[in-house]
Amino acid sequence: MDYTKYRDFTVCEAQAENLEAVIKHGSLVKAAKALGKNSRTIERSIESIKRNAAKRGFDPAKGLSRPGPDGYKLQGFSDMRENEEGKPIWYKFTEDKLRQAAMIKETIASMKDDIKPLKIPAHTKKKYDKELVPWFQIGDAHIGMLAHKYEVGHNFDLKIAERELCKAFQIAIDEAPACERCVINDLGDFNHYDNIAGVTERSRNQLDIDGRFGKMVNVSSRIMQYIITACLEKFKYVDVIINKGNHNDTGAIWMAELLRCRFQTERVKVLDNDCEFIPYRMGNTFVVTSHGQNCKPAKMAEVVAAHFRHDFAECQFVYLDTGHIHHKQKAIEFAGCQWESWNTMAPTDKHAHDHGYESRASLTVVYRHKIYGQRGSNTIPVEMVKDILDNVPAGTEANKRREVYTV
């Protein structure tokens, strides 16, 4: 195989280095030995390069030899054949979303040896509560959303999102008791958009976005890494749940895989998020999380009872956590389950504002006991966070008024 033809299809320095080593040494095994890497790492890297080339329209095995320019992908693919009567038949192919999700995981896994793991803070606390588990509930963070105060009454962008969410976590962690374990529960829509075009994947509606896609990815991953590292300084074990939302079906996949690569330690567990419903059991308490856009609360209780029947039956306390609606929904009980939605730290964008969708912005930590279930919560209002960040007297942000023309 002539690997030199794939030079234009690498997406990072690591892939370029691996490809050049294969070209120079003539085989995957020899290239791996020269670079001091595992041969499987080189193999996955080359496979990823080939997939990227195919997306651009270059795949000699399928007869594709006319790649499009960088930044463009092959929109469709059809293959003309002849049937037994000699008449033409066109085979048309479309995207396989499940396979694409698997490819994202494979791509990040192929770079695992090249991603430098973060330094894990030492856990020094001698005494901590092993039964109580703080759940940090991240409602729809919408990192990458853009809002202007003259349109909706407040400003919001990547910079604001990062400083406010990180500060809220710092406050919440400081106020939390010393516990052996905590859960970071991202309830979906952590990212505001999921593609370079900045449109919704399903309806292709244009979103109000801040920054290029790559910048949004950089800020989002940096926030998550900060949050997990901050939790590791106080808690011995940190479990991370990344729910898929309607704004970030793909983003949730690459985020989970990236965090697994960055936190290569037994103290951090990033749960599998292939399923719409993510189960988590702690003793007598059972929690199932989901973004909530596809399944109503009562139906979600039925799903939990059917699909997780053993844990559902064995636990006295069953909780269903969702996001999506942005506001705090009073806890409702369905068939022995307590359903609740959680607030977002992000304000409303223009679409939500113009349609009258309003909600309080806050970060909530709910304390759940392995034996006795929910034992209380702590809410960090965004107004409090803003006052602390701006170093102004308490209540300054809450007392701000929107400009009103007055005569």
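Nothing here was measured: the structure is a model prediction, and the numbers come from that model.

Student: Residues and numbers for unusual backbone geometry, please.
Tutor: Notably, D189 is not glycine yet its phi reads approximately 55°, a positive angle. Looking at the secondary structure, you find D189 in the loop between β6 (181-186) and α7 (213-232). Here D189 falls in the buried class, since its relative accessible area comes to 2%. Backbone geometry at H324 places phi at a positive 75°, although glycine is not the residue there. Within the fold, H324 resides in the loop between β11 (317-322) and β12 (329-334).

Student: Quick rundown of the pattern of salt bridges? Include the residues and the values.
Tutor: Taken as a whole and assessed by the stated rule, the structure comprises 15 salt bridges. In this structure, the salt-bridge partner of E20 is R7, at a minimum N-O distance of 2.8 Å. Of the two residues, E20 is situated in helix α1 (residues 13-25) and R7 in the segment before α1; the sequence distance between them amounts to 13 residues. The shortest N-O distance in the salt bridge between R360 and E383 comes to 3.1 Å. With R360 in the loop between α11 (350-354) and β14 (362-369) and E383 in helix α12 (residues 382-390), the pair connects residues that are 23 residues apart, well separated along the chain. R360 sits in the exposed class, given a relative accessible area of 58%. A residue is classified by how much of its surface remains accessible, and E383, at 18% relative accessible area, is buried.

Student: Go over the pairing of strand β5 (residues 132-138), please, and point to the residues and values.
Tutor: Within β5, seven of the seven residues are buried, leaving the element largely enclosed by the surrounding structure. Burial along β5 is two-sided: L132, P134, F136 and I138 facing one way and V133, W135 and Q137 facing the other are all buried. Pairing of β5 with β14, which is carried by six bridges, proceeds in the antiparallel orientation. Of the residues in β14, the one forming a bridge with L132 is H369. In this sheet, β6 lies alongside β5 in parallel orientation, the contact comprising four bridges. Note on β6: the bridge partner recorded for Q137 is N185.

Student: Can you tell me about the side chain of K234, naming the residues and giving the values?
Tutor: Its location among the elements puts K234 in the loop between α7 and β7 (237-242). Among the polar contacts listed, one links the side chain of K234 to the backbone oxygen of I173, at a separation of 2.8 Å. Among residues more than four places away in sequence, those in contact with K234 are H123, K125, I173, D174, A176, P177, A178 and C179.

Student: An account of the sheet that holds β14 is needed here, citing residue identities and associated values.
Tutor: The strand order β8-β7-β6-β5-β14-β15 describes an open sheet built from six strands, whose pairing is mixed. Only two strands of the sheet have a single partner each, and these edge strands are β8 (268-270) and β15 (373-381). Between one strand and the next, the sheet's axes are offset by a mean angle of 20°, whatever the strand orientation.

Student: Outline the environment of F312, supporting the account with residue identities and numerical values.
Tutor: Mapped onto the elements of the fold, F312 is located in helix α10 (residues 309-314). Through-space distance from the C-alpha of F312 to that of G336 is 9.0 Å; in sequence the pair is 24 residues apart. Not counting residues within four places of it along the chain, the set of residues in contact with F312 comprises F286, V304, A305, V318, A335 and C337.

Student: Give me the lowdown on α1, citing residues and values where you can.
Tutor: Taking 1.5 Å per residue as the helical rise, α1 with its 13 residues ought to reach 18 Å, and the 18 Å between its terminal C-alpha atoms agrees with that figure. Buried residues along α1 sit in contact with α2 (28-35) and α3 (39-56).

Student: Residues and numbers for the packing of aromatic side chains, please.
Tutor: With the rule as written, the count across this model stands at eight aromatic pairs. Consider the rings of F9 and F58, whose centres lie 5.6 Å apart with planes at 10°: the pair is stacked. Placement of F9 in the segment before α1 and of F58 in strand β1 (residues 58-59) is noted, with a sequence separation of 49 residues between them. Here F9 and F58 have matching classes, each one buried. Look at F136 and F235: their rings are 6.1 Å apart centre to centre, the planes differ by 65°, and that puts the pair in the edge-to-face class. Of this pair, F136 sits in strand β5 while F235 sits in the loop between α7 and β7, and the two are 99 residues apart along the sequence.

Student: Could you give an account of the pairing of β6, naming the residues involved and the relevant values?
Tutor: In summary, the side chains of a regular strand alternate between the two faces of the sheet. Buried residues dominate β6, accounting for five of its six residues. Since β6 and β7 lie parallel, the crossover through α7 that links them has a hand, and here it is right-handed.

Student: Hey, could you go over the environment of L320 for me, with residue numbers and the actual values?
Tutor: When you line up the elements, L320 lands in strand β11. For L320, a relative accessible area of 0% gives the class buried. Between the C-alpha atoms of L320 and T289, which are 31 residues apart in sequence, the distance is 5.8 Å.

Student: An account of α2 is requested, with residue identities and associated values reported.
Tutor: For α2, the N-terminal cap is S27; the gap from its side-chain oxygen to the backbone nitrogen of K30 is 3.1 Å. Just past α2, the residue G36 takes up positive phi, approximately 70°.

Student: Quick rundown of the packing of helix α6 (residues 158-175) against α7? Include the residues and the values.
Tutor: For the pair α6 and α7, interaxial distance at closest approach is 10 Å and the crossing angle is 10°. Here α6 lies roughly parallel to α7, going by the angle between them. In this structure, α6 uses L158, E162, L165, C166, F169, Q170 and I173 to contact α7, whose residues at the interface are K215, M216, V219, R222, I223, Y226, I227, A230 and C231. Partitioned by chemical class, the residues of the contact of α6 with α7 number 12 nonpolar, one polar and three charged.

Conventions adopted
- Residues numbered from 1 in each chain as written.
- Predicted model: local features only at pLDDT ≥ 70, side-chain atom pairs only at ≥ 80, totals over all residues.
- Heavy atoms only, no water.
- Helix = DSSP H or I, 4+ residues; strand = E, 2+ residues; numbered from the N terminus.
- Buried < 20%, exposed > 50% of the residue type's maximum accessible area, 1.4 Å probe, protein only.
- Salt bridge = Lys/Arg side-chain N within 4 Å of Asp/Glu carboxyl O.
- Pairing = 2+ DSSP bridges.
- Polar contact = N/O pair within 3.5 Å; in protein donor to acceptor, adjacent residues only side chain to side chain.
- Contact = heavy atoms within 4.5 Å.
- Axes fitted to C-alpha atoms, helices over the stretch in contact; angles between N-to-C directions.
- Expected span 1.5 Å × (residues − 1).
- Phe/Tyr/Trp six-rings, centres within 6.5 Å; stacked < 30°, edge-to-face > 60°.
- Right-handed = clockwise from strand over helix to strand, strands pointing away.
- Parallel < 35°, antiparallel > 145°, perpendicular 65-115°, else oblique.
- Nonpolar A, V, L, I, M, F, W, Y, C, P; charged D, E, K, R; others polar.

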